[in-house]
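Commentary on secondary and tertiary structure
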Amino acid sequence: MRAAMKVLIANRGEIAVRVIRACREMGYPTVAVYSEPDRAALHVVYADQAMPIGPAPSRESYLRIDRIIDAAKKSGADAIHPGYGFLAENAAFARACRDAGLLFIGPSPESIDAMGSKTESRQRMQAAGVPVVPGLTEPVKSFDEIAAFAKEAGFPIMIKASAGGGGKGMRLVEREEDLRSSFERVTSEAESFFGDGSVYAEKFITSPRHIEVQIVGDQHGNIVHVGERECTLQRRHQKVVEECPSPVVDEELRARLGAMAVKAAAAVNYYSTGTIECLMGPDREFYFLEMNTRLQVEHPVTEMVWGVDLVKEQLRIAQGEKLSFTQQDLKPLGHAIECRIYAEDPAKKFAPSPGLIRYIALPQGPGVRNDQGVYAGYTVPVFYDPMLSKLIVHGQTREEAIGRMKRALDEYRVDGIMTTIPFFTYIMNNPDFIEARFDTGYIDRILPQIDFGGAASQQDVDAAIAAAAILAFEESQNVKLPQDAPSRWRETGRVEGLRS
Ligand code: MV4
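What you are looking at is a predicted structure, and each value in this text was computed from that prediction instead of being measured. (Residues numbered from 1 in each chain as written. Predicted model: local features only at pLDDT ≥ 70, side-chain atom pairs only at ≥ 80, totals over all residues. Heavy atoms only, no water.)

1. Considering the overall build of the protein chain
Stated formally: Counting from the N terminus, the helices are DSSP H or I runs at least four residues long and the strands are E runs at least two residues long. Within these notes, the globule rule equals 2.2 Å times the number of residues to the 0.38 power, and the radius of gyration is based on C-alpha atoms. Whether a residue is buried, partly exposed or exposed follows from its accessible area with a 1.4 Å probe, protein chains only, as a fraction of its type maximum: under 20%, in between, or over 50%, in that order. Residues count as neighbours in contact if any of their non-hydrogen atoms are within 4.5 Å of one another. Surface accessibility in these figures is a Shrake-Rupley result with a 1.4 Å probe; residues are shielded only by whichever protein chains are displayed. The charge count treats Lys and Arg as positive and Asp and Glu as negative. His and the chain ends do not count. Charged groups are reduced to one reference atom each: NZ for lysine, CZ for arginine, CG for aspartic acid, CD for glutamic acid.
Looking only at helices and strands, one finds 17 helices and 24 strands in the protein chain. Taken over C-alpha atoms, the radius of gyration comes to 25 Å for the protein chain, in line with the 23 Å a tight globule of 500 residues would show. Within the protein chain, the proportion of its 500 residues that are buried is 53%. Considering only residue pairs separated by 6 or more positions, the protein chain has 66% of its internal contacts joining residues 24 or more positions apart. Approximately 21,900 Å² of the protein chain is accessible, and the part contributed by carbon and sulfur atoms is 51%. A distance of 2 Å separates the average location of the 58 positive side-chain charges in the protein chain from that of its 68 negative side-chain charges.

What follows is the structure, encoded as structure tokens:
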């Protein structure tokens, strides 16, 4: 029998809710932490206990290691789950937990450190026989080293911050003339973003796809892969749609990607869940890009297709248990797609649209999963990432999953704030998406050509529904409608009904 442990979740929003759900299913009591504006957030409602950790800015609350450790001690927690973002990939936090006698539900601080530097991780991956993007594996000491690399490799190249990751602190250089200014730019950005100005260079992979491999390891040296995710569709380095499996990966390639990912994780003695990010060229050659040493936002698509609960697995692994499955036990079934629904207005260049959610109706029915951190009556705060929910669908085939996602998006109603739902309806109907013809630059290239203003807005459709409901109510109550002056509600209901 596994001992019950009290788990503090050092996060907010949908991921905190997701972790609480896994804990509940395993019989573990939970402790939420919250900043001042998050007093009434959903994760606080769902947890057994909740502790305040400071004011709105995350620097003063969700990023305060001391306050979180203090909350864990005061609440009698045994373990801390960091979720994603905030302190999830902070080795100092993992160490602080260890030092305080708290179980950190994630990898070892040593693994986090090893993968935190791009140049160090490239060295270690290369030594382990994992293919990395061709380029330097040491930070350069001078501009001349960058120039020498460019001369040898040829343009285009990318200059990247050693301490960077996730699209920050990098630059594409297409011509010799731009080399020096780009070098200086990335160096100073790296200095201000990461407090470490060291940079290196890689050959630029043209029109790549972003494919990542999920791995899970225990503390006994067992590591398995749980297939790949297609994460190519991004807007300004933010993923918008993720799929499992990738439509361009067949069984043979999956086996090779999986073997590479297991080798990469083993090279840093990895345990818990982790992700190996790869770039794949149009020739289907793949290269290690970086490793994310956390549970990822898009983990549900993997869960749906592979039939595993990655959060429960993390909880068991942290307690020293062996993996609950072997590589042979794992078989993918069907296809899953996730859309990240944001409180942003696609018609206004995705400007944030925080505020009161007056009404929300989630899609339901076969093959639909919603991982959500909000509710009707909740005000989306301006201080944090404005993701409302992740809408995930599963189908027997990719085609069925796309049809199901379109249907689910049509059912989804949010009133009070604008959301990115119409943008996803556009993507699901886009022939390039349906044919899986896209690269990492696709969304940013097509966005200027899309018009989100023309269609009936969510508000129009909602007005029509409200009008029809009021009319039906009036009729059911035998309310006498004036014969000579036709009801404005009836008129609106008809007009909107015809339009939608
Ligand atoms: C690259 C690349 C092409 N060649 N490196 C962007 C995020 C960061 N993790 C690495 N990124 C890239 N690195 C080489 N050598 C193209 C990208 C890239 C990208 C990668 C994944 C997902 C979306 C992207 C969007 C633009 C550029």
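2. Things to note about the site of the ligand
So the rule is basically this: Summary of the distance rule: residues count as near a molecule or strand when at least one heavy atom falls within 4 Å of that molecule or strand. A 3.5 Å cut-off defines polar contacts: any pair of N or O atoms within that distance qualifies, except that in protein one atom must be a possible hydrogen donor and the other a possible acceptor, and neighbouring residues in sequence count only when both atoms are side-chain atoms. In the scheme used here, Gly and all other residues not listed as nonpolar or charged are polar, with Ala, Val, Leu, Ile, Met, Phe, Trp, Tyr, Cys and Pro taken as nonpolar and Asp, Glu, Lys and Arg as charged.
Around the ligand lies a shell of 17 residues, among which Lys160, Glu202, Lys203, Ile205 and Gln234 are the nearest. Isoleucine 205 has a polar backbone atom sitting 2.9 Å from a nitrogen atom of the ligand. For the shell around the ligand, the per-class residue count stands at seven nonpolar, six polar and four charged.

3. Some points on unusual backbone geometry
A cis amide bond links phenylalanine 155 with the next residue in sequence, proline 156, at an omega value of -5°. With respect to the secondary-structure elements, proline 156 resides in the loop between helix H7 (143-153) and strand E6 (157-165). Omega for the bond connecting cysteine 244 with proline 245 falls within 30 degrees of zero, at -5°, which places this linkage in the cis form. Relative to the assigned elements, proline 245 resides in the loop between strand E13 (241-244) and helix H9 (251-266). Even without glycine at this site, serine 272 takes up a positive phi of about 80°. With respect to the secondary-structure elements, serine 272 resides in strand E14 (residues 272-280). Residue classification places serine 272 among the buried positions, given a relative accessible area of 1%. With phi around 60°, alanine 436 is a residue other than glycine that occupies positive phi space. Within the fold, alanine 436 resides in the loop between helix H14 (431-434) and helix H15 (442-446). For alanine 436, a relative accessible area of 11% translates into the label buried.

4. Things to note about the environment of serine 324
Mapped onto the secondary structure, serine 324 falls in the loop between helix H11 (310-318) and strand E16 (335-342). On a C-alpha basis, the gap between serine 324 and aspartate 218 in space is 9.5 Å, while along the polypeptide they are 106 residues apart. Beyond its immediate sequence surroundings of up to four residues, serine 324 is in contact with Glu313 and Arg316. A distance of 2.8 Å separates a polar atom in the side chain of serine 324 from a polar atom in the side chain of glutamate 313.

5. Focus: the pairing of strand E2 (residues 30-35)
Stated precisely, the cut-off is as follows: Between any two strands, pairing holds if DSSP finds at least two bridges. When the strands point away from the viewer, a crossover counts as right-handed if the path from the first strand over the helix to the second runs clockwise.
Among the six residues in E2, six count as buried, and that is most of the element. Here E2 shows two buried faces, one formed by Thr30, Ala32 and Tyr34 and the other by Val31, Val33 and Ser35. As judged from the three bridges shared by strand E1 (residues 7-9) and E2, these two strands associate in the parallel manner. Each residue of the ladder has a partner; that of leucine 8, found in E2, is valine 31. Between E1 and its parallel partner E2, the chain crosses via helix H1 (residues 13-26), and the hand of that crossover is right-handed. Here E2 runs beside strand E3 (residues 49-54); their pairing, made up of five bridges, is parallel. Of the residues in E3, the one forming a bridge with serine 35 is glycine 54.

6. With respect to H11
Where burial is concerned, most of H11 is hidden: nine out of the nine residues are buried. Where H11 is concerned, the buried positions are Leu310, Val311, Lys312, Glu313, Gln314, Leu315, Arg316, Ile317 and Ala318. The opening residue of H11 is aspartate 309, an N-cap whose side-chain oxygen sits 3.1 Å from the backbone nitrogen of valine 311. The positive-phi residue at the C-terminal boundary of H11 is glycine 320, with phi of around 90°.

7. Concerning the nonpolar core
Keep this limit in mind: Definition used in this section: a nonpolar core is a set of buried Ala, Val, Leu, Ile, Met, Phe, Trp, Tyr and Cys residues joined via side-chain atoms within 4.5 Å.
Ranked by internal contacts, the top residues of the largest apolar core, which has 40 residues, are Leu233, Val241, Ile337, Ile341, Phe423, Met428 and Phe433. Put simply, the parts of the chain that give this core at least two residues each are E16, strand E23 (387-395), helix H12 (398-411), helix H13 (421-429) and H15. Residues contacting isoleucine 337, with those up to four places away along its chain left out, are Val241, Glu242, Glu243, Val301, Leu391, Ile392, Val393, Ala401, Ile402, Met405, Met428 and Phe433. Among the nonpolar cores identified, the runner-up in size contains 39 residues, and Tyr84, Leu310, Val311 and Tyr342 belong to it.

8. Quick notes on the side chain of threonine 420
With respect to the helices and strands, threonine 420 occurs in the loop between strand E24 (413-415) and H13. Residue classification places threonine 420 among the buried residues on the basis of a relative accessible area of 2%. Ignoring anything within four residues of it in the chain, the contact list for threonine 420 reads Arg340, Ile341, Tyr342, Glu344, Pro346 and Phe350.

9. Some thoughts on the sheet that holds E6
Under the convention used in this document: Between N-to-C directions, angles span 0 to 180 degrees; the directions come from axes that are lines fitted to C-alpha atoms, helices contributing only their stretch in contact.
Ordered in space as E7-E6-E8, the three strands form an open sheet in which the pairing is antiparallel. Edge positions in the sheet fall to strand E7 (168-173) and strand E8 (199-203), since each has one partner strand and no second. Across the sheet, the mean angle separating the axes of adjacent strands is 25° when strand polarity is ignored. On top of the sheet, helix H6 (residues 118-127) reaches E6 and E8; it is set at about 105° to E6, its chief contact. Of the strands in this sheet, E6 and E8 are in contact with H7, which crosses E8 at around 5°.

10. Description of the packing of aromatic side chains
Each aromatic ring pair is characterised by the separation of its centres together with the angle its planes make. Rules: Ring pairs are drawn from Phe, Tyr and Trp, using the six-membered ring of Trp, whenever the two centres fall within 6.5 Å, and their geometry is named by plane angle: stacked under 30 degrees, edge-to-face over 60, tilted for the rest. Should the NZ of a Lys or the CZ of an Arg lie within 6 Å of a ring centre and within 35 degrees of the ring normal, that charge is described as sitting over the ring.
Scanning the model with the defined rule gives 12 aromatic pairs in all. One aromatic cluster is present, formed by Phe350, Phe423, Phe424, Tyr426 and Phe452 through successive ring pairs. Sitting over the face of the ring of phenylalanine 193, lysine 168 holds its NZ or CZ atom 5.3 Å from the ring centroid. In this structure, arginine 398 is placed above the aromatic ring of phenylalanine 433, and the distance from its NZ or CZ to the ring centre is 4.7 Å.

Structural measurements only, silent on function.
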